[in-house]
Amino acid sequence: MTKLRLAIVGAGPAGIYAADILLKAERNFEVSIDLFDHLPAPYGLVRYGVAPDHPRIKGIINALRDVLDRGDIRLFGNVQFGTDITLDDLKKHYNAVIFSTGAVRDASLNIPGIELEGSYGAAEFVSWFDGHPDFPRTWPLEAREVAVIGNGNVALDVSRILAKHADDLLPTEIPANVYDGLKASPVTDVHVFGRRGPTSVKFTPLELRELGELRDVDMILHEEDFDYDDAARAAVASNKQVFVIDKVMNQWRQRPVGEASRRLHLHFFAKPLEIVDDGSGRVGAIRYERTAPDGEGGVAGTGEIREVPIQAVYRAVGYFGTQLPGIPFDKRRGIIPNREGQVLRKADPTSGSAGWTEQMYGVYATGWIKRGPVGLIGHTKSDAMETIRHVINDLGNWWRPESPSEQSVSDLLDSRGIKYTDLDGWHNLDQHEIGLGSGEGRARVKVVPRDDMVRISRAE
Ligand SMILES: Cc1cc2nc3c(=O)[nH]c(=O)nc-3n(C[C@H](O)[C@H](O)[C@H](O)COP(=O)(O)OP(=O)(O)OC[C@H]3O[C@@H](n4cnc5c(N)ncnc54)[C@H](O)[C@@H]3O)c2cc1C
Ligand SMILES: NC(=O)c1ccc[n+]([C@@H]2O[C@H](COP(=O)([O-])OP(=O)(O)OC[C@H]3O[C@@H](n4cnc5c(N)ncnc54)[C@H](OP(=O)(O)O)[C@@H]3O)[C@@H](O)[C@H]2O)c1
């Protein structure tokens, strides 16, 4: 019987769902799957993006873990595609590869002053508070007044973690260095800036409502932002999500502002123009232009410029994918160009983005690197279904590897001295983290340094 030796690069939800869907799919060939990740632990942004105070969503790890625990997928953690293993290696050992490498960088925001000291990307901060091994252990939480740019769920995650009292995060899995950093934070005011109105936000009702439940944090809204035009009123009337968001904010508008030690300000119709230097190369203020509805559901600048003093700014304006060696990359969108998951290359390398027309046989993409950095964990499942359908149907065009045995891959990694981690290794690390937590009455405490993760996983 024909056998598909498949490599999947990226053990986030997209990669794990793709493996699961293929193994359960109706097909007339056998399958053997190796799942690679450059992190020593699997689960991608579910482990290193989803906020620690969202245990229900973090719990998706249990479902992903059940898939791996079935035992029909081999896991190779701590293996970086592009350096530890290359496309040529994969062609030698597999019939096909799916890239599910996600998007882990901050999108850029091109305004003057964004490079000042005290200006950060949300993705970097998220990686810090979620204990990502490749980020510094300490974070400079020295500002009393902070700006967060963006009106998506990441902006709300970052604002909430900044405004929340560290002790209220203690029941979560945050590592000790994160607790210590947040505990020492002198923050009093977090200002969130959205360039459009309250009915055009990208964040969702549940995440918004959570802000109003923070202990010792007052929500500050501005009446001028709620003078809705027809388009905004129509959005409230026709869209359930917008209706709830509007309702939540209305409740806050009627709530007397108390005497909390911290405040979370929502500024709408506020388009950031510049981060102002405090005179010493550090963030001193955010300058923004007041916008107004343009009558067609969008906004236009009014020419009115305002400034709010801040000492730190976080841009939460979206994530961006990273180019992989030997794999086509759409630099404008930050994705691997593809048609329903089939990776495309240019027949004519000098052509523009319309030139991605030729299928690169044997190479597929799924998840955020296929679609761009938008959508929930569940969306990566439907993504994976589409990609897997093509993997199956393309049987006649798979690569013909010269050395398809499973042993040949572990031999290759061993010969290169790569200290890979496997599923047993994840169990070791998982148990270790649970053990660390139980000593403190917590569900888990994350191990952060990569070397420690590898050592514990490999029981060295
Ligand atoms: C801050 C944040 C919070 C979020 N919170 C939620 C939430 O609460 N609920 C929700 O439903 N969705 C949430 N999302 C969205 C969710 O995380 C994504 O939909 C999902 O993780 C995308 O899955 P993915 O597998 O495509 O990418 P990822 O989860 O990013 O996985 C990609 C994997 O590829 C690996 N990788 C990358 N490059 C290489 C390489 N060169 N070699 C080997 N491996 C590599 C990475 O280490 C990673 O493990 C959040 C997103 C962010 C950014
Ligand atoms: N709890 C959760 O469920 C959760 C948590 C985190 C992330 N996620 C998901 O992960 C995905 C990514 O989230 P995200 O917040 O990174 O992205 P997002 O939802 O796309 O939000 C990006 C925000 O940045 C703004 N923005 C972009 N460019 C800007 C600019 N130049 N100036 C000012 N503002 C700008 C956008 O405004 P415009 O709308 O005006 O373009 C938007 O408000 C989303 O699907 C999100 O739902 C979910």
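Quick caveat: nothing in here was measured; it's all calculated off a predicted structure.

Peer 1: Explain the packing of aromatic side chains residue by residue, including any values.
Peer 2: For the coordinates displayed, the defined rule picks out 18 aromatic pairs. A ring pair is formed by phenylalanine 36 and tyrosine 94, whose centres lie 6.3 Å apart and whose planes are at 85°; its orientation type is edge-to-face. Taken together, the residues phenylalanine 36 in strand β2 (residues 30-36) and tyrosine 94 in the loop between α5 (87-93) and β4 (96-99) connect sequence positions 58 residues apart. The same class applies to phenylalanine 36 as to tyrosine 94, namely buried. Taken together, the aromatic side chains of Tyr120, Phe125, Trp128, Phe129, Trp139 and Tyr314 make up a single cluster linked through ring pairs.

Peer 1: Report on the site of ligand 2, specifying residues and quantitative values.
Peer 2: Close to ligand 2 lie 21 residues; Asn151, Arg195, Arg196, Lys202 and Gly375 are nearest. For ligand 2, an oxygen atom lies 3.1 Å from a polar atom in the backbone of valine 154. Contacts to ligand 2 include alanine 316, whose backbone N or O atom sits 3.5 Å from an oxygen atom. In the complex, 81% of the free accessible area of ligand 2, which totals 930 Å², lies under the protein chains. Here the shell around ligand 2 is composed, by residue class, of 10 nonpolar, 6 polar and 5 charged.

Peer 1: So what's going on with the side chain of aspartate 330? Residues and values would help.
Peer 2: Residue position: aspartate 330 is located in the loop between β15 (319-320) and β16 (338-339). Despite being buried, aspartate 330 has no salt bridge partner; arginine 332 is the closest side chain of opposite charge, sitting 4.7 Å away. When sequence neighbours within four positions are dropped, the list of residues in contact with aspartate 330 reads Ile335, Pro337 and Trp356.

Peer 1: Describe helix α13 (residues 379-393), and please don't skip the residues or the numbers.
Peer 2: Structural remark: α-helix, 3.6 residues per turn; residues separated by three or four positions point the same way. Counted at 1.5 Å a residue, the expected span for α13 with its 15 residues is 21 Å, and the 22 Å between its end C-alpha atoms agrees. Listed as buried for α13 are Thr380, Asp383, Ala384, Thr387, Ile388, His390, Val391 and Ile392.

Peer 1: Give me the sheet that holds strand β18 (residues 356-365): which residues, what numbers.
Peer 2: The strand order β3-β2-β1-β4-β18-β17-β16 describes an open sheet built from 7 strands, whose pairing is mixed. Sheet topology places β3 (73-76) and β16 at the edges, where each strand pairs with a single neighbour. In this structure, strand β1 (residues 3-9) lies alongside β2, joined through 7 bridges in parallel fashion. Across the sheet, leucine 4 pairs through a bridge with valine 31, a residue of β2. Running at roughly 90° to β18, α13 makes contact with β1, β4, β16, β17 (342-346) and β18 of the sheet.

Peer 1: Describe the domain arrangement of the chain, listing the residues and the values that go with them.
Peer 2: Parsing the chain into structural domains produces domain 1 (3-104 + 321-420) and domain 2 (105-319). The C-alpha centroid of domain 2 is placed 33 Å from the C-alpha centroid of domain 1. Counting residues at the interface gives 18 residues for domain 1 and 22 residues for domain 2. Of all residues in domain 1, the largest losses of buried area upon contact with domain 2 belong to Tyr48, Pro52 and Asp53, amounting jointly to 38% of the total for that side.

Peer 1: Break down the environment of valine 363 for me, with residues and values.
Peer 2: Looking at the element boundaries, valine 363 is found in strand β18. For valine 363, a relative accessible area of 1% puts it in the buried group. In this structure the C-alpha to C-alpha distance between valine 363 and alanine 7, which are 356 residues apart in sequence, comes to 9.8 Å.

About the cut-offs
- Residues numbered from 1 in each chain as written.
- Chains lettered and ligands numbered in written order.
- Predicted model: local features only at pLDDT ≥ 70, side-chain atom pairs only at ≥ 80, totals over all residues.
- Heavy atoms only, no water.
- Phe/Tyr/Trp six-rings, centres within 6.5 Å; stacked < 30°, edge-to-face > 60°.
- Helix = DSSP H or I, 4+ residues; strand = E, 2+ residues; numbered from the N terminus.
- Buried < 20%, exposed > 50% of the residue type's maximum accessible area, 1.4 Å probe, protein only.
- Near = heavy atom within 4 Å.
- Polar contact = N/O pair within 3.5 Å; in protein donor to acceptor, adjacent residues only side chain to side chain.
- Areas by Shrake-Rupley, 256 points an atom, 1.4 Å probe, with all protein chains shown as cover.
- Nonpolar A, V, L, I, M, F, W, Y, C, P; charged D, E, K, R; others polar.
- Lys, Arg positive; Asp, Glu negative; His and termini not counted.
- Salt bridge = Lys/Arg side-chain N within 4 Å of Asp/Glu carboxyl O.
- Contact = heavy atoms within 4.5 Å.
- Expected span 1.5 Å × (residues − 1).
- Pairing = 2+ DSSP bridges.
- Axes fitted to C-alpha atoms, helices over the stretch in contact; angles between N-to-C directions.
- Domains from an automatic or database assignment.
- Buried area = accessible area lost by both parts, 1.4 Å probe.

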